[in-house]
Amino acid sequence: AQTVTQSQPEMSVQEAETVTLSCTYDTSESDYYLFWYKQPPSRQMILVIRQEAYKQQNATENRFSVNFQKAAKSFSLKISDSQLGDAAMYFCAYTTGNQFYFGTGTSLTVIP
Amino acid sequence: ETGVTQTPRHLVMGMTNKKSLKCEQHLGHNAMYWYKQSAKKPLELMFVYNFKEQTENNSVPSRFSPECPNSSHLFLHLHTLQPEDSALYLCASSPAIRSGGNNEQFFGPGTRLTVL
């Protein structure tokens, strides 16, 4: 079965500090994509960052970067210089095309 | 209006009612999706449409009936729901379904459904 596991239901970080959110997934596929989505309270889910499985280089989007370990099936998200606006639920997701699998989410609190 | 919109934003219905959720995307996409989001559970993909054709139905009970009249609109018709169906229902769209999964999805704000 293809699943996505986020082992940290809640995380907190001091403003301006760095935090890493964990995600592991299980698949037998070799060609797939991984995503991190952010869902602020009462607001729409938006894409934070995307990683193609065939690329060894870790994706980076400004203060957001991933540590993609394909053999370990691990896909963690690092947020640098955390800001108050980063407070949200973060979902890790995996897809090969038609099917999408999401984790249970990590609630991130940013402490001023 | 831009992006993905959903109406209504909140819905309370009895178990014998019939209601419909509406989703509209203004992004020129060809794939649309319905998800169910319940607290402390993974987002559950319910239905997938690609170019108006249903491509996935993930064992969703028949009391949920999707309809996709065109690539911009998606409906979820509800009837004889159960209290455990209370959840946030999210609609999403993407350019198209691509093998390998390069399908960035754009989500709507969701409809908060409560079944009494």
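Description of the structure in this document.

## Here's the deal with the state of the cysteines
All names here are of chain B. In total, this model carries two disulfides over all chains according to the counting rule given. Note that C23 is cross-linked by a disulfide to C91, the S-S spacing being 1.9 Å. Every disulfide takes its handedness from the sign of the S-S torsion; for C23 and C91 that torsion is -75°, giving left-handed. You can see C23 sitting in strand β3 (residues 18-25) and its partner C91 sitting in strand β9 (residues 87-94), a full 68 residues away along the chain. On the basis of relative accessibility, which here comes to 0%, the residue C91 falls in the buried class. A disulfide-free cysteine, C68 has its sulfur positioned 9.0 Å from the sulfur of C91, the nearest such atom.

## Examining unusual backbone geometry
Note that the residue after T7 of chain B, namely P8 of chain B, is joined by a cis bond; omega there is -10°. Assignment of secondary structure puts P8 of chain B in the loop between β1 (4-7) and β2 (10-13). The backbone phi angle of K73 of chain A is positive, close to 55°, even though this residue is not glycine. Secondary-structure assignment places K73 of chain A in the loop between β8 (64-69) and β9 (74-79). Despite not being glycine, K52 of chain B shows a phi value in the positive range, around 75°. By the element assignment, K52 of chain B lies in the loop between β5 (44-50) and β6 (53-57).

## Some remarks on the interface of chain A and chain B
Taken together, the 20 residues of chain A in the interface contact 27 residues of chain B. In total, chain A and chain B occlude about 1,900 Å² of area from one another, counting both sides; carbon and sulfur atoms represent 50% of this. In terms of surface lost to chain B, no three residues of chain A exceed N98, F100 and F102 of chain A, which account for 30% of the buried area on that side. Between R50 of chain A and E104 of chain B there is a salt bridge, and its shortest N-O distance comes to 3.4 Å. Taken together, chain A and chain B are joined by four residue pairs in polar contact (both at pLDDT 80 or more). For the side of chain A that touches chain B, the elements supplying multiple residues, two or more each, are β5 (33-39), β6 (46-52), β10 (88-95) and β11 (100-102) of chain A. At four residues, the largest contribution of residues to the side of chain A that touches chain B is made by β5 of chain A. Taken together, the residues of the side of chain A that touches chain B break down into nine nonpolar, nine polar and two charged.

About the criteria used
Residues numbered from 1 in each chain as written. Chains lettered and ligands numbered in written order. Predicted model: local features only at pLDDT ≥ 70, side-chain atom pairs only at ≥ 80, totals over all residues. Heavy atoms only, no water. Disulfide = S-S within 2.5 Å. Helix = DSSP H or I, 4+ residues; strand = E, 2+ residues; numbered from the N terminus. Buried < 20%, exposed > 50% of the residue type's maximum accessible area, 1.4 Å probe, protein only. Contact = heavy atoms within 4.5 Å. Buried area = accessible area lost by both parts, 1.4 Å probe. Salt bridge = Lys/Arg side-chain N within 4 Å of Asp/Glu carboxyl O. Polar contact = N/O pair within 3.5 Å; in protein donor to acceptor, adjacent residues only side chain to side chain. Nonpolar A, V, L, I, M, F, W, Y, C, P; charged D, E, K, R; others polar.

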